[in-house]
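Coordinate analysis (summary)
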Amino acid sequence: MTTEATADPTACAWCGVGFPIGARRVPGGLRCEACGVVTTAPWPTDDELDAAYAGFYRPESGRFSGPLDRLLALSRGRLATHLDAVAPAGPVLDVGAGDGTLVRAIRRTGRDAIGLERARPDMRDAAPSDLEAEDTRYAAVVFWHVLEHLRDPADQLAAAARLLRPGGILVVAVPNAASLQARLFGHDWLALDLPRHLTHLHPRALETRAHELSLTVLRRSQLRGGQVLFGWIHGLTRRLTGLDLYDAIRRAEAQQTPHTGPRRALTLLAGTALAPLALLGVAVEVATRRSGTIYLELQR
């Protein structure tokens, strides 16, 4: 995989098959003819990614305005409770733990939990592959909207599977590049998130890899992975008005483009007005099993 600035990748970041000259270009990057996964193109350098994650992306004060950070914490609490109910005894590993919300929620259930996140003193700066030489094996490993951020996602998924105890649970939530909203909104799709999202996955590729790793699919969900309804509201607002709803709901210090009071109010009003249409989009996605998020629970 080339790491030169503004250069296209030479191979699929998911399966490793090389791209031919004239590889099919779609919103986000290059589509692999072997596995169907899209690899971000141009392929960002480490410096470009550092800049993309700096500052506004996740400030210490939190990302969202109003009660949205609290709602996010509530959803992580529900995931922690669910994992405690379905996973065997033992610690939980949260890959890409962010500010540690899920780690803290898991610890409140009485389990030990370890978070992996770069540049945070309360987390380990490591990848699953870095932990394989250690003795600890985990009751559950979580990739919550993280796999798409990794340069070697298939390899890290395999490492996570090897870190599981027998009967352990691997939770994966990623944007679904084969969803109706991805197809409809194209470059305006919320979960494209370039250049931070390096691979754009679809269910068949993810489940094929799970089968190769001898993991059993315990649960698929069209809604549990989050970002489904908001993906529709954001996409409709962006496509019909040109306004960025995701920026508008974030705190001022977490906005990529600063929003004045009137512009923010107009954006929120547009999003609210388009919510009924977005609900219809969600219903169609769920009925056709082409939801905006892939959610899988896999068992070793």
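Note: the structure precedes this text.
Here we summarise the structure given alongside this text.

Points about a nonpolar patch on the surface
A cluster of nonpolar residues, Leu-68, Leu-71 and Leu-74, forms a patch on the protein surface that exposes about 250 Å² of accessible area. Along the chain, the position of Leu-71 falls in helix H2 (residues 68-86).

Side note on the packing of helix H7 (residues 228-241) against helix H9 (residues 261-288)
At a minimum axis separation of 7 Å, H7 and H9 run at an interaxial angle of 125 degrees. In terms of orientation, H7 lies oblique with respect to H9. Viewed along their axes, H7 and H9 form a crossing whose handedness is right-handed. Touching Val-228, Leu-229, Trp-232, Ile-233, Leu-236, Thr-237, Leu-240 and Thr-241 of H7 are Thr-267, Ala-270, Gly-271, Leu-274, Ala-275, Leu-277, Ala-278, Leu-279, Gly-281, Val-282 and Glu-285, all from H9. Classifying every residue of the contact of H7 with H9 gives 13 nonpolar, 5 polar and 1 charged.

Examining the sheet that holds strand S10 (residues 293-299)
One open sheet holds the 6 strands; their spatial order is S5-S4-S6-S7-S10-S9, and the pairing between them is mixed. A strand with exactly one partner marks an edge of an open sheet, and here the two such strands are strand S5 (113-116) and strand S9 (216-221). Between one strand axis and the next, the sheet turns by 15 degrees as a mean value, whatever way the strands run. Where S9 lies against S10, 5 bridges are found, and the strand directions are antiparallel. Of the residues in S10, the one forming a bridge with Val-217 is Leu-298. Set on the sheet, helix H6 (residues 203-212) makes contact with strand S7 (164-175), S9 and S10; between it and S10 the angle comes to about 10 degrees.

Digging into the nonpolar core
Counting residues in each nonpolar core, the largest one holds 38 residues, and the members touching the most others are Trp-14, Val-141, Phe-143, Leu-147, Leu-157, Leu-170 and Leu-206. Elements with a contribution of two residues or more to this core: strand S4 (92-95), strand S6 (138-144), helix H4 (153-163), S7, H6 and S10. With residues up to four places along the chain from it excluded, the contact list for Leu-157 reads Trp-14, Phe-143, Leu-147, Leu-170, Val-172, Leu-206, Arg-209 and Leu-213. Counting residues in hydrophobic clusters, the runner-up holds 20 residues, among them Ala-105, Met-123, Trp-144 and Ala-173.

Side note on the packing of aromatic side chains
Tallied over the full model, the rule gives 3 aromatic pairs. Relative to Tyr-295, the ring of Trp-144 has its centre 6.1 Å away and its plane inclined at 65 degrees; by these criteria the two rings are edge-to-face. Of this pair, Trp-144 sits in strand S6 while Tyr-295 sits in strand S10, and the two are 151 residues apart along the sequence. This pair shows no difference in class: Trp-144 is buried, exactly as Tyr-295 is.

Each value, and the rule that gives it
Along each chain, the written sequence defines residue order, and numbers are assigned to residues from 1. With pLDDT at 70 or above as the cut-off, local features in this predicted model cover only qualifying residues; side-chain atom pairs require 80 or more to be listed or tallied, and sums for whole chains, interfaces and linings still use all residues. Each side-chain value is derived from all of the structure's non-hydrogen atoms; neither hydrogens nor water enter the calculation. Patches draw on residues past 30% relative accessible area with no salt bridge. Two like charges within 9 Å are joined, as are two nonpolar side chains (Val, Leu, Ile, Met, Phe, Trp, Tyr) within 5 Å. Using a 1.4 Å probe, accessible areas were evaluated by the Shrake-Rupley method; residue-level cover was limited to the displayed protein chains. In the sections that follow, a salt bridge refers to a side-chain nitrogen of Lys or Arg positioned within 4 Å of a carboxyl oxygen of Asp or Glu. Each helix corresponds to a stretch of at least 4 residues labelled H or I by DSSP, and each strand to a stretch of at least 2 residues labelled E; elements are numbered beginning at the N terminus. Angles here are taken between N-to-C directions and fall from 0 to 180 degrees, while the axes themselves are lines fitted to C-alpha atoms, restricted in helices to the stretch in contact. If an angle is under 35 degrees, it is roughly parallel; if it is over 145, roughly antiparallel; if it lies from 65 to 115, roughly perpendicular; otherwise it is oblique. By convention, the crossing between two helices is left-handed when the near helix turns anticlockwise from the far helix through less than a right angle, and right-handed when the turn is clockwise. By the convention used here, residues are in contact when the closest approach between their heavy atoms is within 4.5 Å. We call Asp, Glu, Lys and Arg charged. Ala, Val, Leu, Ile, Met, Phe, Trp, Tyr, Cys and Pro are nonpolar, and the rest, Gly among them, are polar. Two strands qualify as a pair provided DSSP detects at least 2 bridges between them. To define a nonpolar core, start from buried Ala, Val, Leu, Ile, Met, Phe, Trp, Tyr and Cys residues and group those joined through side-chain atoms within 4.5 Å. For the exposure calls, accessible area comes from a 1.4 Å probe over protein chains only, and a residue counts as buried if that area is under 20% of its type's maximum, exposed if over 50%, partly exposed in between. Working definition: a ring pair exists when centres of Phe, Tyr or Trp rings (six-membered ring for Trp) sit within 6.5 Å. Plane angles under 30 degrees give stacked, over 60 give edge-to-face, the rest tilted.

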